[in-house]
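An overview of the molecular structure
Spelled out from the first residue to the last, the chains are:
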Amino acid sequence: SRDLLHKYSGSVEKTKEVLEVFIKAYTEIKDWDVQNIESVSHDILKKHNYSPKEAFMTLRMAAPGEKAPPPLFDIFNLLGKEETIFRLEAALKDC
């Protein structure tokens, strides 16, 4: 639900920011695999000073739509690049 999407970022604005940053970065990943997804994601945390919970739980609620395991980057890898980005963009539009 929309409330869960914003729960971990703290606001609609922060949710939108997180989703936009990750969508842009994920679009630029050439070799879509767990290692690259995880590496790019952790680089974003450092660059934007996001906490793991703030960013990764927002992504988890946006794409898979669940807050429980399996690991987030494994889910993204299984979904594939296009489907992952599609789901993140859909969540962004729904903000």
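This report concerns the structure included in the present document.

Procedures and definitions
Residues numbered from 1 in each chain as written. Predicted model: local features only at pLDDT ≥ 70, side-chain atom pairs only at ≥ 80, totals over all residues. Heavy atoms only, no water. Helix = DSSP H or I, 4+ residues; strand = E, 2+ residues; numbered from the N terminus. Buried < 20%, exposed > 50% of the residue type's maximum accessible area, 1.4 Å probe, protein only. Contact = heavy atoms within 4.5 Å. Phe/Tyr/Trp six-rings, centres within 6.5 Å; stacked < 30°, edge-to-face > 60°. Axes fitted to C-alpha atoms, helices over the stretch in contact; angles between N-to-C directions. Parallel < 35°, antiparallel > 145°, perpendicular 65-115°, else oblique. Left-handed = near helix turned anticlockwise from the far one by under 90°.

Notes on the environment of phenylalanine 22
If you trace the backbone, phenylalanine 22 turns up in helix α2 (residues 12–27). Here phenylalanine 22 falls in the buried class, since its relative accessible area comes to 0%. Each C-alpha atom of the pair phenylalanine 22 and alanine 62 lies 11 Å from the other, and the pair is 40 residues apart in sequence. Those residues in contact with phenylalanine 22, other than ones at most four positions away along the chain, are Ser41, Ile44, Tyr50, Ala55, Phe56 and Leu59.

A look at the packing of aromatic side chains
To describe a pair of aromatic rings, you give the distance between the ring centres and the angle between the ring planes. Throughout the structure, instances matching the rule amount to five aromatic pairs. A centroid spacing of 5.6 Å and a plane angle of 85° characterise the contact between tyrosine 26 and tryptophan 32, whose relative ring orientation is edge-to-face. Tryptophan 32 matches tyrosine 26 in its accessibility class, with the two residues each being buried. Judged by centre distance (5.3 Å) and plane angle (85°), the ring pair of phenylalanine 56 and phenylalanine 73 falls under edge-to-face. Of this pair, phenylalanine 56 sits in helix α4 (residues 52–62) while phenylalanine 73 is found in helix α5 (residues 72–79), placing the two residues 17 residues apart along the sequence.

What about the packing of α2 against helix α6 (residues 81–93)?
At a minimum axis separation of 10 Å, α2 and α6 run at an interaxial angle of 160°. With respect to α6, the axis of α2 lies roughly antiparallel. Considering the relative orientation of α2 and α6, their crossing is left-handed. Between α2 and α6, the residues in contact are Lys16, Leu19, Glu20, Ile23, Tyr26 and Thr27 and Lys81, Thr84, Ile85, Leu88, Glu89, Ala91 and Leu92, respectively.

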